[in-house]
Amino acid sequence: MHLSQILQGINTIPIYYFFSDLFWSTNLTMVSIIKNTEDFEKKLANAGDKLVILDFYATWCGPCKEMDPHIRKLTQKYKDQAIVLKINVDKFNEISDYYKVKSMPTFVFIKNKKRLSSFAGADDEMLQQRVEQYVN
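Residues numbered from 1 in each chain as written. Predicted model: local features only at pLDDT ≥ 70, side-chain atom pairs only at ≥ 80, totals over all residues. Heavy atoms only, no water.

With an unreviewed UniProt entry as reference, the chain is termed Thioredoxin-1, source organism Musca domestica.

Right, here's the structure in full:
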């Protein structure tokens, strides 16, 4: 029996969420899942003049998962102008505390090492509006 047959009829999240680190890292170079604090600092420093979108998420967060397709779409559209750094709040308390993350998802927008704005919640229209505002 194939895995698809086992899962058929079960109300579950898409299978790629179980392998989200692999999915994001291999398929979209403009989206990076932060592996450690040094990795975060390096990617932030190397962003140059690109818009950096910090995506604070948790693996158990339903609204975070709902935003994934919107993030992918925007990063593909603006791949030369923006990058997304996905930060797991359960693994990186220091970074989450520094950016005052209280709920997920939280998005922080940075350009030229300066914080431009942030918002919390699964609001795909707000995400698109902010990205378009800051890349232009």
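Undergrad: Where do I start with the state of the cysteines in this structure?
TA: As used here, a disulfide is simply a covalent bond connecting the sulfur atoms of two cysteines. A complete count under the given rule lists one disulfide for this structure. There is a disulfide in this structure between cysteine 61 and cysteine 64, and the S-S distance comes to 2.4 Å. Disulfide cysteine 61-cysteine 64: torsion about the S-S bond near 80°, hence right-handed. Among the residues examined, cysteine 61 registers a relative accessible area of 4% and is labelled buried. (Disulfide = S-S within 2.5 Å. Buried < 20%, exposed > 50% of the residue type's maximum accessible area, 1.4 Å probe, protein only.)

Undergrad: What's the story with the nonpolar core in this structure? I'm lost.
TA: Note that soluble globular proteins tend to have their nonpolar side chains buried in a common cluster. Counting residues in hydrophobic clusters, the biggest one holds 22 residues, and the most contacted among them are Phe40, Val52, Leu54, Phe56, Ile87 and Tyr99. Looking at this core, the elements that each hand over two or more residues are helix H3 (37-45), strand S2 (51-57), strand S3 (82-88) and strand S4 (106-111). When residues of this core are assigned to their parent elements, the largest contribution, four residues, is made by S2. The contact partners of valine 52, leaving out residues within four places of it in the chain, are Leu44, Ala47, Ile83, Leu85, Val108, Phe109 and Ile110. (Core = buried A, V, L, I, M, F, W, Y, C linked by side-chain atoms within 4.5 Å. Helix = DSSP H or I, 4+ residues; strand = E, 2+ residues; numbered from the N terminus. Contact = heavy atoms within 4.5 Å.)

Undergrad: Looking at this structure, I do not really get the packing of aromatic side chains. What am I missing?
TA: Centre-to-centre distance and the angle between the planes together describe a pair of aromatic rings. All told, the structure shown has six aromatic pairs when counted by the stated rule. Ring plane angle 45° and centroid distance 5.9 Å describe the contact between phenylalanine 56 and tyrosine 99, whose orientation is recorded as tilted. Of this pair, phenylalanine 56 sits in strand S2 while tyrosine 99 sits in the loop between helix H5 (93-98) and S4, and the two are 43 residues apart along the sequence. Residue classification places phenylalanine 56 among the buried positions, given a relative accessible area of 0%. Residue classification places tyrosine 99 among the buried positions, given a relative accessible area of 9%. (Phe/Tyr/Trp six-rings, centres within 6.5 Å; stacked < 30°, edge-to-face > 60°.)

Undergrad: Honestly, helix H6 (residues 124-135) in this entry has me stumped. Any pointers?
TA: Helical geometry note: an α-helix holds 3.6 residues per turn, so side chains three or four residues apart project in the same direction. The terminal C-alpha atoms of H6 lie 16 Å apart, and with 12 residues this matches the ideal 16 Å at 1.5 Å per residue to within 8%. Buried within H6 we find Leu127, Arg130, Val131, Tyr134 and Val135. Down the axis of H6, the buried side of the element spans an arc of 115°, and every buried residue falls inside it. Along its buried surface, H6 packs onto S2, helix H4 (62-77), S3, S4 and strand S5 (114-120). For H6, the side-chain oxygen to backbone nitrogen distance between the N-cap and glutamate 125 is 3.2 Å, and the N-cap itself is aspartate 123. (Expected span 1.5 Å × (residues − 1). Arc of directions from axis to C-beta. Polar contact = N/O pair within 3.5 Å; in protein donor to acceptor, adjacent residues only side chain to side chain.)

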